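# Fold and contact review
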Amino acid sequence: MPLVKVPKPKFIEKLKRFFMADLLKGLGLTLKYNIGAVTDSDSVGGKGIYTEQYPKVRPDVAPRFHGAPRLNMDPETHDTLCIACNLCAIACPEDCIDVLAMDVEIVVAGKPRKKKVLDEFVFDTSRCMFCALCQEACPTWCLELTQDFELATYSRAGFVWNREMLEQGRETVKYTR
Amino acid sequence: MERNRLLPSGRVGTGGGVETSRRTLHAVTQHGTGAGCPAWLALIMHQVEIATTRETLLDSPEMVLNMGPQHPSTHGVLRVILKLDGETVIDLDCDIGYLHRGMEKIAENRMYTMIAPYWDRLDYIAAVSNGLVWVETVEQMMGLVVPPRAHYLRTILTELNRIASHLLWLATHALDIGAVTVLLWALREREEILKIFERQFGARLTCHAWRIGGMPNDTYDDFEPDIRRFISNFPTRLDEYETVLSENRIWLSRTVGIGVISAEEAIAIGLSGPALRGSGVAWDIRKSRPYAAYADMDFDVPLGENGDTYDRYLVRLEEMRQSRRIVDQALDNLPDGPVNAKLPKIIKLPIGDYYHSIEGPKGEIGCYLVSDGTAQPWRVRVRPPSLINLQALKQMCLGHLVADVVAIIGTLDIVLGEIDR
């Protein structure tokens, strides 16, 4: 085993070592922190608390955060923006999206046409890795990963979100101070 | 044979079953335990093994100790099988694979754009660097020209990720050795970087930071002020870590001369990153094969002298200072323009293979990609720095104490997600 040669300490270094200068230096810094924390304005409420007080205080989640999925609706007509194009299901690496569409007969300019309409949308959040590829694939800004991050449920079946949950949002208990 | 000779008579069973059992035992000793051995036979063989053991553990000076996979200082699910003489390590073996998820196989069944999130889950401490390997490999293989702004942003954010990775290393390494204060301080600084990542990429840890051809989004509004604030505070924070650790007698006695590896040995094993530079080998892919915008950056590569744990600690601290310098320069010279190149809707690579590697926080992380011309890769192979750095563990640990094994695992800076893949 090769050993590292440590040079012999000089007299002053020996003296410093005897008076524990190395330890006192570190202790001085930690003491400074202890005193400073009480009066620090960066801490929560100036009380020397630096941690987030979740769930009493909701964390400030960034606008781009990839959280719970949502199907957006037209704000005026309250119809779904989804055109059942299936692009999100194709883009998903984990194959956790199922888009079920049905054909509806409509009349365009006096002629009967068939139109694809969204019937059911299944999103398995237990397999989702929140990479947001589905959100990027969506041509109508319908499927969106929101800032909601509380996805825990009591059962495996609860991870599978249907269209109603995706559109209305899931009911969760929100704790606030 | 010997096993049969030592078998105590009447051990196998009593009553009517004796004859059958003995006959089978003879058959076993003649042919050995091959495949197709029934379960009940294996049970008897097991009894034979017990019967031949004459020495107890206490009779031998050696002791075999399992460290991990639940041991908190193995940084994940690494199992180290230690052979000890007293408290001195005389032999050592590693058992890995507890975190195997088959990422390389999964990648063979995904389109090129879909594979990037899986790369984040290799070295989850440095997800941004890992993602960069994948997108750069695909871009270079298809001959895509990425806009300069994307290159600069990639440089800034991977360097921030390097700082975040080194901070977590410092925090856990110091905690392993017994300095709890540094853990709290280092995680405080890392939190600031993770907040920048959350605002930029939408996730803190597994960011899915890059897309093939550029970035998913341009920078957010306060991107530059946020990073400027971080890099202006950071040097004083680094000095604080040094005040607590660098001269501390406990830290010195736990790190100086521990886990020494010479430059020749380090090269022979194939170490990379700070583990290699700690031994004094000037090898940094950012300098030797510049990627992203590193060719335009001015920075130094810190080197150690002795190749011990203390030198690797100093190298990583200095690397954080240099990373800060790179981020500062890249922000000053950040060009305007688009962050995405034009891409076909379905990416198909030319038939052939390609290897590209970058200097990740842990070492050289590379991707070997074989394409058969379809929309999915034929083979994706990861060159994992942690796995190869772990090979030095035995050489570093021999002759040291059990407590030093913890320090040496810490100094190698391994992540099991990347070792097992």
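Residues numbered from 1 in each chain as written. Chains lettered and ligands numbered in written order. Predicted model: local features only at pLDDT ≥ 70, side-chain atom pairs only at ≥ 80, totals over all residues.

### Things to note about the overall build of chain B
Secondary structure summary: chain B contains 18 helices and six strands in total. For chain B, the proportion of its 421 residues judged to be buried stands at 46%. For chain B, the share of sequence-separated contacts (at least 6 apart) that also reach a separation of at least 24 residues comes to 70%. (Helix = DSSP H or I, 4+ residues; strand = E, 2+ residues; numbered from the N terminus. Buried ≥ 20, exposed ≤ 12 C-beta atoms within 10 Å, placed from the backbone. Contact = placed C-beta atoms within 7 Å.)

### Concerning the overall build of chain A
The helix and strand inventory of chain A stands at five helices and five strands. When the helices and strands of chain A are listed from N to C terminus, the series reads α-α-β-α-β-β-α-β-β-α. Burial statistics for chain A: of 177 residues in total, 18% are counted as buried.

### Quick notes on the interface of chain B and chain A
Listed by partner, the interface residues are 27 residues for chain B and 24 residues for chain A. Counting residues per element, the ones that place at least two in the side of chain B that touches chain A are α5 (112-120), α8 (180-201) and α9 (223-245) of chain B. Among the elements that line the side of chain B that touches chain A, the one with the most residues is α8(B), at four residues. Tallied by class, the residues present in the side of chain B that touches chain A amount to eight nonpolar, 11 polar and eight charged. (Nonpolar A, V, L, I, M, F, W, Y, C, P; charged D, E, K, R; others polar.)

### Examining the sheet that holds strand β2 (residues 97-108) of chain A
Strands pair in a sheet through their backbones, by hydrogen bonds, and they do so in one of two ways: parallel or antiparallel. Residues and elements named next belong to chain A. On the basis of which strands lie adjacent, the open sheet formed by three strands has the order β2-β3-β5 and antiparallel pairing. Across the chains shown, the open sheet's two edge strands, defined by having one partner strand only, are β2 and β5 (160-161). Across 12 bridges, the pairing between β2 and strand β3 (residues 111-124) is antiparallel. Residue pairing in the sheet places valine 104 in a bridge with lysine 115 of β3. (Pairing = 2+ DSSP bridges.)

### A word on the environment of Ala179(B)
Locating Ala179(B) in the fold gives a position in the loop between α7 (148-177) and α8. Note: C-alpha distance between Ala179(B) and Trp251(B) (72 residues apart in sequence) is 8.2 Å.

### As for the packing of α9(B) against helix α14 (residues 309-332) of chain B
Residues and elements named next belong to chain B. Orientation of α9 relative to α14, taken along the N-to-C sense of each, is 160°, at an axis distance of 10 Å. In terms of their interaxial angle, α9 and α14 are classed as roughly antiparallel. Seen from above, α9 lies across α14 with left-handed handedness. The residues of α14 that touch α9, namely those facing Glu224, Ile227, Arg228, Ile231, Phe234, Pro235, Leu238 and Glu242, are Leu317, Met320, Arg321, Arg324, Val327, Asp328 and Leu331. Among the residues forming the contact of α9 with α14, the class breakdown is nine nonpolar, no polar and six charged. (Axes fitted to C-alpha atoms, helices over the stretch in contact; angles between N-to-C directions. Parallel < 35°, antiparallel > 145°, perpendicular 65-115°, else oblique. Left-handed = near helix turned anticlockwise from the far one by under 90°.)

### Observations regarding unusual backbone geometry
All names here are of chain A. Not every positive phi belongs to a glycine, and alanine 84 is a case in point at roughly 55°. Within the fold, alanine 84 resides in the loop between β1 (69-71) and α3 (87-91). A tally of 19 C-beta atoms within 10 Å means that alanine 84 is categorised as partly exposed. Residues other than glycine seldom take positive phi values, yet alanine 132 does so here, at roughly 70°.

### A short note on the pairing of strand β5 (residues 364-371) of chain B
When a strand is regular, its side chains alternate between the sheet's two faces. All names here are of chain B. Of all eight residues making up β5, six are buried, and the element is well covered by its neighbours. Pairing analysis gives eight bridges linking strand β4 (residues 352-359) to β5, with the strands arranged antiparallel. Residue pairing for β5: aspartate 353 is matched across the bridge by valine 370. A loop of four residues connects β4 with β5, the two strands running antiparallel in sequence, and glycine 363 in this loop sits at a positive phi of about 150°. Hairpin connection between β5 and strand β6 (residues 377-383): a loop of five residues separates the two successive antiparallel strands, and glycine 373 in this loop has a positive phi of roughly 90°.

### Some remarks on the confidence of the model for chain B
Residue and element names in this part refer to chain B. On average, residues of chain B score 83 in pLDDT, and 86% of them are at 70 or above. pLDDT under 50 marks residues 1-34. Its contacts with residues more than four places away, or in other chains, come to 27 contacts. For this predicted complex, the interface score ipTM comes out at 0.81, alongside a pTM of 0.81. (pLDDT = per-residue confidence, 0-100.)

### A short note on the nonpolar core
Counting residues in each nonpolar core, the largest one holds 122 residues, and the members touching the most others are Ile115(B), Val182(B), Leu393(B) and Ile408(B). If one sorts the elements of this core by residue count, α7(B) sits on top with 15 residues. (Core = buried A, V, L, I, M, F, W, Y, C linked by C-beta atoms within 7 Å.)

### A word on the environment of Ser323(B)
All names here are of chain B. Among the secondary structure elements, serine 323 is positioned in helix α14. Residue serine 323 is classed as buried on the basis of its 24 C-beta neighbours within 10 Å. Sequence separation between serine 323 and alanine 127 is 196 residues, and the spatial gap between their C-alpha atoms is 17 Å. Leave out the neighbours within four places in its chain, and serine 323 touches Glu159, Arg162 and Ile163.

### Topic: the environment of Glu318(B)
Structurally, Glu318(B) can be placed in helix α14. Sequence separation between Glu318(B) and Gly307(B) is 11 residues; the distance between their C-alpha atoms is 15 Å.

### Regarding the pairing of β6(B)
Direction of pairing for β5(B) relative to β6(B): antiparallel, over a ladder of six bridges. Within β6(B), the residue paired with Gly366(B) across the bridge is Arg383(B).

### Focus: α5(B)
The element α5(B) is extensively covered by neighbouring structure, given that nine of its nine residues are classed as buried. Every buried residue of α5(B) is listed here: Tyr112(B), Thr113(B), Met114(B), Ile115(B), Ala116(B), Pro117(B), Tyr118(B), Trp119(B) and Asp120(B). In this fold, the buried residues of α5(B) make contact with α4 (133-137) of chain A together with α4 (103-107), α6 (127-142) and β6 of chain B.

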